[in-house]
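# Understanding the architecture of this molecule
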Amino acid sequence: MAQFKLGDSAFSANARTKDNPYEGDLGKGIAYDEFESRFFLPYQEGEDFPVLLNLYRIVSRRLIKFLSTMPGQRILDVGFGTGICTLEVLLKDPEASVVGLEISEGMLKVGKYKFHNEDREDLDLIRSVDDEVLLDYWNKFRQESEPYKNQVDYVRDNIETTDKIEPESIDH
């Protein structure tokens, strides 16, 4: 079986983006959340009744369940996307802070919007969306993320080449 590393052509060959399929404008971030806003599955934890959660939220919640952190720890979210995993980290540890590293400008813009940390120009573009299902999804996410809006920092860069994150800046 072939071994892959970040940047291999198997992951980066894409005619539209030429270098990386994850790079993209605001439309890619919106499309990602548009998919997320339409797919729900029942999810049950413990003895509670099952609740309906979005597909990526379920995956993120299951992943974060295995994350071992100390209260208030600073966490690096590589592949921040639109912030779904980051919210699950903060729900698990409300005192944590997160650095979201994302290569896609569009994904990062949508994530910043969802965490109340958007640029005015991006906010105008996002507000031009007229999809009621997506707008409802964003409103609910923004309500959940409101208490954590000052606990997330954002870095748009590639993990292979970034010099914006130093190892000693991340708690061990």
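So, here is what we can say about the structure in this document. (Residues numbered from 1 in each chain as written. Predicted model: local features only at pLDDT ≥ 70, side-chain atom pairs only at ≥ 80, totals over all residues. Heavy atoms only, no water.)

## Looking at helix H4 (residues 84-92)
Taking burial as the measure, the 9 residues of H4 include 7 buried ones, the bulk of the element. Regarding H4, the residues found buried are Ile84, Cys85, Thr86, Leu87, Glu88, Val89 and Leu90. (Buried < 20%, exposed > 50% of the residue type's maximum accessible area, 1.4 Å probe, protein only. Helix = DSSP H or I, 4+ residues; strand = E, 2+ residues; numbered from the N terminus.)

## Considerations on the pattern of salt bridges
For side chains of opposite charge, pairing can occur when their charged atoms come near one another. Per the counting criterion, the structure on display carries 9 salt bridges. We note a salt bridge from Lys149 to Glu146, for which the minimum N-O separation is 3.1 Å. Of the residues examined, Lys149 reaches a relative accessible area of 29% and is grouped as partly exposed. Take Glu146: its relative accessible area is 35%, and that puts it in the partly exposed class. Beyond isolated ion pairs, a larger network of salt bridges with shared partners links Arg57, Arg61, Glu88 and Glu144. (Salt bridge = Lys/Arg side-chain N within 4 Å of Asp/Glu carboxyl O.)

## Observations concerning the packing of aromatic side chains
Using the criterion set out here, one finds 8 aromatic pairs in the structure. Note on Tyr32 and Tyr56: the rings are 4.8 Å apart at their centroids and 15 degrees apart in plane angle, and the pair reads as stacked. In this pair, Tyr32 is assigned in helix H2 (residues 26-36) and Tyr56 in helix H3 (residues 55-65), connecting sequence segments 24 residues apart. Residue class for Tyr32 comes out partly exposed when judged on its relative accessible area of 28%. Take Tyr56: its relative accessible area is 23%, and that puts it in the partly exposed class. Aromatic pair Tyr113 and Trp138: ring centres 5.5 Å apart, planes at 70 degrees, arrangement edge-to-face. Of this pair, Tyr113 sits in helix H5 (residues 105-114) while Trp138 sits in helix H7 (residues 132-145), placing them 25 residues apart in sequence. This pair shows no difference in class: Tyr113 is buried, exactly as Trp138 is. Taking NZ or CZ as reference, Lys114 lies 4.1 Å from the ring centre of Phe141, over its face. The ring of Tyr113 is capped by Arg142, whose NZ or CZ atom sits 4.3 Å from the centre of that ring. (Phe/Tyr/Trp six-rings, centres within 6.5 Å; stacked < 30°, edge-to-face > 60°. Lys NZ or Arg CZ within 6 Å of the ring centre and 35° of its normal.)

## A look at the packing of H2 against H7
As a packed pair, H2 and H7 sit with axes 9 Å apart at the nearest point and diverge in direction by 90 degrees. Classed by the angle they form, the pair H2 and H7 counts as roughly perpendicular. Contacts from Ile30, Asp33, Glu34 and Glu36 of H2 reach H7 at Leu134, Tyr137 and Trp138. Looking at the contact of H2 with H7, its residues break down into 4 nonpolar, no polar and 3 charged. (Axes fitted to C-alpha atoms, helices over the stretch in contact; angles between N-to-C directions. Parallel < 35°, antiparallel > 145°, perpendicular 65-115°, else oblique. Contact = heavy atoms within 4.5 Å. Nonpolar A, V, L, I, M, F, W, Y, C, P; charged D, E, K, R; others polar.)

## Re H3
All of the buried residues in H3 are Arg57, Ile58, Ser60, Arg61 and Ile64. Looking straight down H3, one finds its buried side chains confined to an arc of 165 degrees; they lie on one side. Of the exposed residues in H3, the ones pointing more than 90 degrees away from its buried face are Val59 and Leu63. Close packing links the buried residues of H3 with H2, strand E1 (40-43), strand E2 (51-54), H4 and H7. (Arc of directions from axis to C-beta.)

## Observations regarding the sheet that holds strand E4 (residues 97-102)
As summarised here, the arrangement of the 3 strands in space is E3-E4-E5, forming an open sheet in which the pairing is parallel. Sheet topology places strand E3 (74-78) and strand E5 (152-156) at the edges, where each strand pairs with a single neighbour. Across the sheet, the axes of successive neighbouring strands diverge by a mean angle of 20 degrees, strand direction being ignored. Across 5 bridges, the pairing between E3 and E4 is parallel. Its bridge partner being in E4, Asp77 is matched across the sheet by Gly100. Most of the contacts of H5 go to E5, to which it runs at about 165 degrees, and overall it touches E4 and E5. (Pairing = 2+ DSSP bridges.)

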